[in-house]
Amino acid sequence: ETGVTQSPTHLIKTRGQQVTLRCSSQSGHNTVSWYQQALGQGPQFIFQYYREEENGRGNFPPRFSGLQFPNYSSELNVNALELDDSALYLCASWGGGETYNEQFFGPGTRLTVL
Amino acid sequence: GQNIDQPTEMTATEGAIVQINCTYQTSGFNGLFWYQQHAGEAPTFLSYNVLDGLEEKGRFSSFLSRSKGYSYLLLKELQMKDSASYLCAVRDNAGNMLTFGGGTRLMVKP
């Protein structure tokens, strides 16, 4: 059971700009999480959405925001980009049924901030 | 808050057994997860433990002791393709957040 997709694959922005990253999870997967993964480190939880409402947030400033849509797609928006925002951004959805305790990750978007 | 510790790097020989340890200190606990991540790829789910004991799945097993805040991932009959990072993660009580450790990079040598 896979099927989490993300776009774009790679992105280059300059400091101060804004960026929107997109994710599409599998039908029926109502919960989506976003993570930031710096090189050589584990993923850091940004926030989670359940049925279009944010229901959990990690230690990230308000310039990181998100949206979830009824069609199981979601967005991560980052305003006022900083150099330290350069990372791999991962979207993940929790499965259903037998895979209820499995979180399926998308391939990620590699963001570079110059 | 959550604090997850695991070794940064490990090296093992093809065909051998390796154990990757993970210790955690958390304000809440609703399950411990292990993921495998090959370089440049997304993490893939390996195992989930919420009760004490051993969960076995093919060549991979995962153990949990909640009283000790301790887990390990055991990989048997190592293959070259097992060279990857292994991530330990703990879910909070509300089930809304996974906190990951820094990952253990495993190198399997011939």
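The structure displayed is predicted, hence computed values, not measured ones. (Residues numbered from 1 in each chain as written. Chains lettered and ligands numbered in written order. Predicted model: local features only at pLDDT ≥ 70, side-chain atom pairs only at ≥ 80, totals over all residues. Heavy atoms only, no water.)

K.L.:
Tell me what's going on with the overall build of chain B, and back it up with residues and numbers.
P.N.:
Check the secondary structure of chain B and you find 0 helices and 11 strands. Of the regular secondary structure in chain B, the N- to C-terminal order runs β-β-β-β-β-β-β-β-β-β-β. Whereas a compact globule of 110 residues would reach a radius of gyration of roughly 13 Å, chain B reaches 13 Å, a difference of no more than 12%. Summarising its shape, the C-alpha atoms of chain B cover approximately 45 × 30 × 20 Å along the three principal directions. Counting all 110 residues of chain B, 50% fall into the buried class. Considering only contacts within chain B whose residues lie at least 6 apart along the sequence, 56% involve residues at least 24 apart. Accessible surface, chain B: about 5,100 Å² in total, of which carbon and sulfur atoms supply 49%. (Helix = DSSP H or I, 4+ residues; strand = E, 2+ residues; numbered from the N terminus. Rg over C-alpha atoms; globule rule 2.2 N^0.38 Å. Buried < 20%, exposed > 50% of the residue type's maximum accessible area, 1.4 Å probe, protein only. Contact = heavy atoms within 4.5 Å. Areas by Shrake-Rupley, 256 points an atom, 1.4 Å probe, with all protein chains shown as cover.)

K.L.:
Could you give an account of the sheet that holds strand 3 (residues 19-24) of chain A, with specific residues and numbers?
P.N.:
All names here are of chain A. The 4 strands lie next to each other as 1-3-8-7, forming an open sheet whose pairing is antiparallel. If you trace the sheet from one side to the other, it starts and ends with strand 1 (5-7) and strand 7 (64-68), each paired once. Shown here is a sheet whose adjacent strand axes are inclined to one another by a mean of 20°, direction ignored. Pairing of strand 7 with strand 8 (residues 73-78) involves 5 bridges; the strand directions are antiparallel. Paired with Gln 68 across the two strands is Ser 74, which belongs to strand 8. (Pairing = 2+ DSSP bridges. Axes fitted to C-alpha atoms, helices over the stretch in contact; angles between N-to-C directions.)

K.L.:
Any details on the packing of aromatic side chains? Residues and values, ideally.
P.N.:
Summed over the entire model, instances satisfying the criterion amount to 16 aromatic pairs over all chains. A centroid spacing of 5.5 Å and a plane angle of 90° characterise the contact between Phe 105 of chain A and Tyr 35 of chain B, whose relative ring orientation is edge-to-face. Residue Phe 105 of chain A is located in strand 10 (residues 103-105), and its partner Tyr 35 of chain B is located in strand 4 (residues 32-37); the two belong to separate chains. No difference in accessibility class separates Phe 105 of chain A from Tyr 35 of chain B, as the two residues are buried. On the numbers, 5.0 Å between centres and 20° between planes, the contact of Phe 63 of chain B with Tyr 72 of chain B is stacked. Residue classification places Phe 63 of chain B among the partly exposed residues on the basis of a relative accessible area of 23%. Overall, Tyr 72 of chain B belongs to the buried group, its relative accessible area being 16%. Feature note: the residues Tyr 35, Phe 45, Trp 94 and Phe 105 of chain A together with Phe 33, Tyr 35, Phe 45, Tyr 48 and Phe 100 of chain B constitute an aromatic cluster, connected by ring pairs. Between Arg 91 of chain B and the ring centre of Trp 94 of chain A, over which it is positioned, the NZ or CZ distance is 5.0 Å. (Phe/Tyr/Trp six-rings, centres within 6.5 Å; stacked < 30°, edge-to-face > 60°. Lys NZ or Arg CZ within 6 Å of the ring centre and 35° of its normal.)

Without other data, these values stay purely geometric and don't point to any function.
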